[in-house]
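The primary structure of each chain is shown beneath.
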Amino acid sequence: MKASKKDNYSSRGASASTGNGDKMSESLQSVFELAMQSQGPERTAQLLEKLAAQLRTAPRPSTSLTTPYVNTIPPDQQAAFPGDRDIERRIKSIIRWNAMAMVVKANSNTNVGGHIASFASSATLYEVAQNHFFRGATDDFPGDIVYFQGHAAPGMYARAYLEGRLDEKHLQNFRQELAEGGGLSSYPHPYLMPEFWQFPTVSMGLGPVMSLYQARFNRYLQARGLVKWKEEPKVWAFLGDGESDEPESLGAITLAARENLDNIIWVVNCNLQRLDGPVRGNGKIIQELEGLFHGAGWNVIKVIWGTEWDDIIKRDKSGLLLKRMDECVDGDYQKYIVEPGSYTRKHFFGKYPELLELVTHLTDEQISKLLRGGHDVRKMYAAYKAAMDHKGQPTVVLAKTVKGYGLGEAGEGKNISHQQKKMNEKELREFRGRFDIPISDDVIADMPFYRPPVDSPEMKYLLARRKKLGGFIPARIVKPAKLDVPKLESFAEFFSPSKTEISTTTAFGGLLRFLLKQKGFSKNIVPIIPDEARTFGLDVLFREIGIYSSKGQLYEPVDSKTLSYYHEAKDGQILEEGISETGAMASFIAAGTSYATNGVPMVPFYIYYSMFGPQRVGDLFWLAGDIRAKGFLLGATSGRTTLNGEGLQHQDGHSLLHASTIPTCLPYDPAFSYELAVIVADGLRRMFVENEDIFYYLAVYNENHPMPAMPAGCEVGILKGLYKFKPGAEGKKIKAHIFGSGSIMQSALKAQEILAEKYGVSADVWSATSYKLLRTDAIRCQRWNMLHPTQPAQKSYVETLLAKEQGAFVAVSDNMRTVPDQIAPWVPGGLFTLGTDGFGRSDTRTRLRRFFGVDVESTVIGTLYALAEKNLIERQVVAQAIKDLGVDPENIQPQLG
Ligand SMILES: Cc1ncc(C[n+]2csc(CCOP(=O)(O)OP(=O)(O)O)c2C)c(N)n1
Ligand SMILES: [Mg+2]
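Residues numbered from 1 in each chain as written. Chains lettered and ligands numbered in written order. Predicted model: local features only at pLDDT ≥ 70, side-chain atom pairs only at ≥ 80, totals over all residues. Heavy atoms only, no water.

Trainee: Lay out the sheet that holds strand β18 (residues 832-834) in plain terms, naming residues and giving numbers.
Mentor: The sheet built from 5 strands is open, its strands ordered β14-β16-β15-β17-β18 with mixed pairing. Among the strands making up the open sheet, the edge pair consists of β14 (722-726) and β18. If you compare each strand with its neighbour and ignore which way they point, the axes differ by 30° on average. Pairing of strand β15 (residues 734-740) with strand β16 (residues 761-768), which is carried by 7 bridges, proceeds in the parallel orientation. Paired with Gly740 across the strands is Ser767, a residue of β16. Each of β14, β15, β16 and β17 (808-812) is contacted by helix α29 (residues 745-759), which is oriented at about 170° to β16, the strand it contacts most. (Pairing = 2+ DSSP bridges. Helix = DSSP H or I, 4+ residues; strand = E, 2+ residues; numbered from the N terminus. Axes fitted to C-alpha atoms, helices over the stretch in contact; angles between N-to-C directions. Contact = heavy atoms within 4.5 Å.)

Given below as C-alpha cells:
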C-alpha cells in the first residue's frame, strides 16, 4: 500500500462507503449555493454559524479517531508475499516446538518458570520480520535495532538454535545461568548475554520508551555528521497490548510524530490478554490504541483478520458484518477462541441471519480455524512492507493474535495462558500434531529439541534469508574503539584554588565547557537536560553549542539579543528533553550505548534535579546497568539541607543510596572542583579508553564555598573513595577523625577548628568521595577471607588506610546516615554518623542543618560524643559543649519512622 499522511488522515473515520461521503459533500455544496442565492451572504453566514454552534455541542462518538474493525490495508492494495509460505510455516513450527520444549523441560525438574503463550501468539510477527525485514549489521550498515518483547525470549533462543548460534546445552539450561557450562537468561539482558541481547525489555514500558528516544538519537547522530550510513537503520519495537497500559509505553509517542520519525516501527501484539485476564474485556484494545496513535500523529496499520476473512467480508453487502465486528468486545473475541466453531457460528455470525448465510459453506472446524491477522504471513508481510515504505510519520502495526496460539486445551486463549509452563504427554502430542513436528511417540515425553539437517530445505532457506538480510538478529556487536579523551594533567586549571566561592554544580559547568573545547573529543559529548539548564547555570551552553532540533529554529527567539539566547539548531549538541526525566534517561541510555548500538562511542552528561533521578525513574537507572551504558549522571541541587527552601519533595538525601544499588554504577559525592575533575578524567579513561562498561553518578550541590588547591598525591584516594584532606592540629592528645563529603564538608572543616580551639581535640578531616566503592572493596576482601580461612587475610583499602589511626571516627554528610554507615564495619572502633534522615523542610540552610544535626555545632557535639563513648573524654565535656554551642537538646527531631 502506498500510504501517505494524506491517505491516512482522509481515510480516518470513513466507512466502507467513501462514495456516500462524496455525495453528501455535493449536496451540502448545493444547499450552500441555494442559501447564498436566496438569503444572501449575511443571512447564510448567520445560518452557518448557528449550525457550527450546534456541531460544537453535539455529542461525538469517543471513537472518532478510529476506523472500522477491519484491516487497514484492503486486499487489493496488499503487497504480495514474496516468500515460500510452506517452508516458512515449517521453520516457524519447529521454532514454536523448541521454544515450548525449552520452557516445559526447564520446569519439569526445576521451578525456574518461563513463558510459552507470549511467543506462541507472536511467532508470525517475528518470523515474517526475520525472513523479510530485519537487516543485520554489515560493514557499512549498523543493523536494524530491534526491541524484542521480553516474555517472547524463548522464541528468539529457539531461532538462534536453528541458526546454529546456540546449541542444545544452552536450550537445556534455559533460566539456569549458573548451571555448569552456563545457560540462557530468562529475558533479554545484555549484561548477562553481551554478545546476544542488545536491549533489556522485560520491565514493561521501558523497551517502548527507549525505542522512541533511540530513533530520535539516530537522527541526532546523522544531523551532527557523526555517522554516515548507506541506509538508515529502522528501529523496531515489539510490545504487548497489556504493556501499553504502562505510562512509559505511550507517554512519549507524540515525540515520534513531532520529530517525523519514520525510522521507527512499533508492532503491538494484540492477543487481547495480559497476565490476569483480558486487556480490555469490555472494550477493544485495538480500537483504543488506534485512536491514541492517530491522535498522536502516527501512521496506524491494523492487521485484524487473516486472508480467509477477505472473501467473507467482501460478500457481505448488508454492512452487518462490520457492525457485528464492531459491536463485539474483546471478551467475546477471547471466548470465540476457547469455544468450538459451532459457538462462533451461533453467537458471532448467528446474531444476524444475513451473516449466517456468509458462512454456510464452512464447517464448524473451518470456522474455528479462520485466522486472526497476526497469524497470517501474507497480512503481516503487507503491513510491514507498508510500514517500511511509509514516509514522514512513525508507524504502529496493531496485530490481532491469539495468546497461547497452538496450545489447544493446554492454554490457548485462556486466562491462565500467561502462566502456563507445563504440558502433559497428551498435550505435547496434540501440539506436535498440529505443527507437524517429526518427533516419534516413544521419545515425545522427553521433549527433545529438533533441528533439521543442515542440508534440509528449511535450514537452507532460513540461513539464506538471514545471509541476504545481512546477518543474525539479535546480536550485540561491539567494535573496539577508543576516544581521544583529555589526560588528567590537562585538567590542571581545576587543581588550583577558585578565584571566588563557587558550588560543585558551577564547577561542573566549567568542567563541561572545558571538555567541549577539547578538539577531537568534544564532538562525542552529549549534554542532556530536562528543562533545568538555567537552574544549574548551564544556559550559556545554548548559544555555545546549540540545542538539537530537527527543524532548526523557525522563529526568532525572544532573547535573541542576549548572550545566552535560546538557540535551537539542526546540528545542535544539547538534548533539551523538556520536563521528562524518563525521556532524558532514555536519551542517556541511547547515547551511553551508542558505542555498541551505532559503533560510535558517545559520552552523555545528563544533569538533573537529583530528587527526580533514581527515585523517579529508578528502573531506567537499573536498566542502564543491564544495558552496559556508559556516561555521567549528575544529580544536581543535591543534599537534604543544601537545597534549601524547596522542601520535602525536592530535597534529596538518598540518591547516593539508590545509585549504590546498581552494580555497574560508581557513585561519588565530591566536595571540591579538583575532586570532580579527577573523577571525570578517570571516568573518561576507564569508559572510553579501557572500555569498561560502567557509568558514574555524581552528586553536585548548589552551595557556594571556596574551592581549595588539590593536595599532592590524593588522586588515588579520591578515586577509591577516601583520603585525608586536612590533618588536625598538632600537639593535642585527643584524636578524632571526621569524614566529610559534598557541601557538608564545610561543616567538618569548621568543626575541626572549634574542636581544636575549645576542646583540645585534634580532628583530621577526611574527604569521603564514595562510601559505596569503599564498601564493595571491603566486601570483596571479606568474602575472599571467609573462603580462604587458612591463608593470610586480604585487607581492604579502607581498613589499610585507617589501620594506624587512633581515636573516634565520625561521618557527616547531607545524606541519610545509611550512606556513610556503609563502611561502619571496617572502621576501627566503629563509626558515629550524622546525617539527614527524615523528610526535608522548606527553610534556610542554617536552620535546616541545625534541625537535622549536620551543622558545625552538631558536628562538634557529635565528635565529642563519639570520643566520650570511647571514654576518651568526660561526658561532662559534651554536656557543656551542648550548652556553649547553643544547641537545644529538646529541639524537635525529624521523624525517622
Ligand atoms: C513493569 C512490569 N510490571 C509487571 C510485569 C509482570 N508481567 C510480566 S508479563 C505481564 C503481562 C504481559 O501482557 P502483555 O503485555 O499483553 O504481553 P503478552 O504476553 O500478552 O504478549 C506482566 C504483568 C513486568 N514484567 N513488568
Ligand atoms: Mg497481551
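Once you've had a look at it, read on.
Trainee: Describe in detail the side chain of Ser522, supporting the description with residues and values.
Mentor: Secondary-structure assignment places Ser522 in the loop between α21 (504-515) and β6 (525-529). We classify Ser522 as buried; its relative accessible area is 17%. (Buried < 20%, exposed > 50% of the residue type's maximum accessible area, 1.4 Å probe, protein only.)

Trainee: Account for the sheet that holds strand β1 (residues 145-147), with residues named and values stated.
Mentor: Strand pairing in a sheet takes place through backbone hydrogen bonds and is either antiparallel or parallel in direction. Spatial ordering of the open sheet is given by β1-β2-β3-β5-β4, a layout of 5 strands whose pairing is parallel. Looking at the sheet topology across the chains shown, the edges are occupied by β1 and β4 (299-303). Going from strand to strand, the sheet's axes swing by 15° on average, the running direction of each strand aside. Running over the sheet, helix α4 (residues 117-132) touches β2 (235-240), β3 (264-270) and β5 (395-400) and is turned about 150° from β3.

Trainee: Please set out helix α25 (residues 614-626) residue by residue, giving values where relevant.
Mentor: With 13 residues, α25 should reach 18 Å at 1.5 Å per residue; the first-to-last C-alpha distance of 15 Å falls well below that figure. Largest kink in α25: about 35°, centred on Leu620. Listed in full, the buried residues belonging to α25 are Pro614, Val617, Leu620, Phe621, Leu623, Ala624, Gly625 and Asp626. Here the buried face of α25 lies against α7 (206-223), α23 (581-592), β10 (603-609), β11 (631-636), α26 (655-660) and β13 (695-699). Looking at the residues trailing α25, positive phi occurs at Arg628, about 65°. (Expected span 1.5 Å × (residues − 1). Bend = angle between axes of the 7 residues up to and from the residue.)

Trainee: Talk me through a nonpolar patch on the surface; I want residue IDs and the actual numbers.
Mentor: A surface patch of nonpolar side chains, about 350 Å² in accessible area, is lined by Phe32, Met36, Leu48 and Leu51. Relative to the helices and strands, Phe32 is located in helix α2 (residues 18-57). (Patch = residues over 30% accessible without salt bridge, like charges linked within 9 Å, V, L, I, M, F, W, Y side chains within 5 Å. Areas by Shrake-Rupley, 256 points an atom, 1.4 Å probe, with all protein chains shown as cover. Salt bridge = Lys/Arg side-chain N within 4 Å of Asp/Glu carboxyl O.)

Trainee: Please give an account of the packing of helix α3 (residues 85-109) against helix α5 (residues 153-162) that cites residues and values.
Mentor: The angle between the axes and the distance between the axes are what describe a pair of packed helices. Closest axis-to-axis distance for the α3/α5 pair is 8 Å, and the angle between their directions is 120°. Taken together, the axes of α3 and α5 are oblique relative to one another. Of the two elements, α3 crosses α5, and the hand of that crossing is right-handed. Only Pro154, Gly155, Tyr157, Ala158, Arg159, Tyr161 and Leu162 of α5 make contact with α3, whose side of the interface consists of Ile91, Ile94, Ile95, Asn98, Ala99, Met102 and Val103. The residue makeup of the contact of α3 with α5, split by class, is 11 nonpolar, 2 polar and 1 charged. (Parallel < 35°, antiparallel > 145°, perpendicular 65-115°, else oblique. Left-handed = near helix turned anticlockwise from the far one by under 90°. Nonpolar A, V, L, I, M, F, W, Y, C, P; charged D, E, K, R; others polar.)

Trainee: Hey, could you go over the site of ligand 1 for me, with residue numbers and the actual values?
Mentor: In the vicinity of ligand 1 lie 18 residues, with Ser118, Gln149, Asp241, Gly242 and Lys403 positioned nearest. Residue Gln149 places a side-chain N or O atom 2.8 Å away from an oxygen atom belonging to ligand 1. Within the complex, the protein chains bury 76% of what would otherwise be the 590 Å² of accessible surface of ligand 1. For the shell around ligand 1, a count of residues per class yields 3 nonpolar, 10 polar and 5 charged. (Near = heavy atom within 4 Å. Polar contact = N/O pair within 3.5 Å; in protein donor to acceptor, adjacent residues only side chain to side chain.)

Trainee: Summarise the packing of α23 against α25; cite the residues concerned and give the values.
Mentor: With their axes 10 Å apart at the nearest point, α23 and α25 run at an angle of 5° to one another. Considering their axes alone, α23 and α25 lie roughly parallel with respect to each other. In contact with Glu581, Thr582, Met585 and Ile589 of α23, α25 contributes Val617, Leu620, Phe621, Leu623 and Ala624. Grouping the amino acids of the contact of α23 with α25 by side-chain chemistry returns 7 nonpolar, 1 polar and 1 charged.

Trainee: Account for the pairing of β16, with residues named and values stated.
Mentor: Among the 8 residues of β16, 8 are classified as buried, and the element is accordingly described as predominantly covered. Neither face of β16 is left uncovered, since the one carrying Val761, Ala763, Val765 and Ser767 and the one carrying Ser762, Asp764, Trp766 and Ala768 both have all their residues buried. Of the pairings in the sheet, the one linking β14 to β16 comprises 4 bridges and is antiparallel in character. Across the sheet, the residue bridging to Leu722 is Ala768, located in β16. Regarding the hand of the β-α-β motif, the stretch spanning β15, α29 and β16 is right-handed. (Right-handed = clockwise from strand over helix to strand, strands pointing away.)

Trainee: Describe in detail unusual backbone geometry, supporting the description with residues and values.
Mentor: Residue Pro474 follows Ile473 across a cis peptide bond; omega there is 0°. For Pro474, the location among the structural elements is in the loop between α20 (457-468) and α21. The phi angle at Arg175 is positive, at roughly 60°, despite the residue not being glycine. Within the fold, Arg175 resides in the loop between α6 (168-172) and α7. Given the relative accessible area of 18%, Arg175 is considered buried. With a phi close to 60°, Asn871 is a non-glycine residue in the positive phi region.

Trainee: Which residues make up the coordination of the magnesium ion (ligand 2), and what values go with them?
Mentor: Only Asp241 (OD), Asn271 (OD1) and Gln273 (O) from the protein reach the magnesium ion (ligand 2) as donors, at distances of 2.0 to 2.2 Å. The sequence motif formed by the donor residues of the magnesium ion (ligand 2) is D-x29-N-x1-Q. Residue Asp241 is found in the loop between β2 and α8 (247-250), and its partner Gln273 is found in the loop between β3 and α10 (285-295); the two are separated by 32 residues along the sequence. For Gln273, a relative accessible area of 3% corresponds to the buried category. (Donors = N, O, S within 2.8 Å, 3.2 Å for Na, K, Ca; no water.)

Trainee: Tell me what's going on with the packing of aromatic side chains, and back it up with residues and numbers.
Mentor: Per the stated rule, a full pass over the model turns up 55 aromatic pairs. Over the ring of Tyr595 we find Lys630; its NZ or CZ atom is 4.2 Å from the centre of that ring. Positioned over the ring face of Phe688 is Lys630, at 5.6 Å from the centre of the ring. (Phe/Tyr/Trp six-rings, centres within 6.5 Å; stacked < 30°, edge-to-face > 60°. Lys NZ or Arg CZ within 6 Å of the ring centre and 35° of its normal.)

Trainee: Account for the pattern of salt bridges, naming residues and giving values.
Mentor: Opposite charge on two side chains permits them to pair, given that their charged atoms come into close proximity. Summed over the entire model, instances satisfying the criterion amount to 46 salt bridges. Taking the shortest distance from any N to any O, the salt bridge between Arg159 and Glu127 comes out at 2.7 Å. Of this pair, Arg159 sits in helix α5 while Glu127 sits in helix α4, placing them 32 residues apart in sequence. Each of the two residues, Arg159 as well as Glu127, counts as buried. Glu544 serves as the salt-bridge partner of Arg513, at 2.4 Å between the closest nitrogen and oxygen. Residue Arg513 is found in helix α21, and its partner Glu544 is found in helix α22 (residues 540-545); the two are separated by 31 residues along the sequence. Under the relative-accessibility criterion, Arg513 is labelled partly exposed at 31%.

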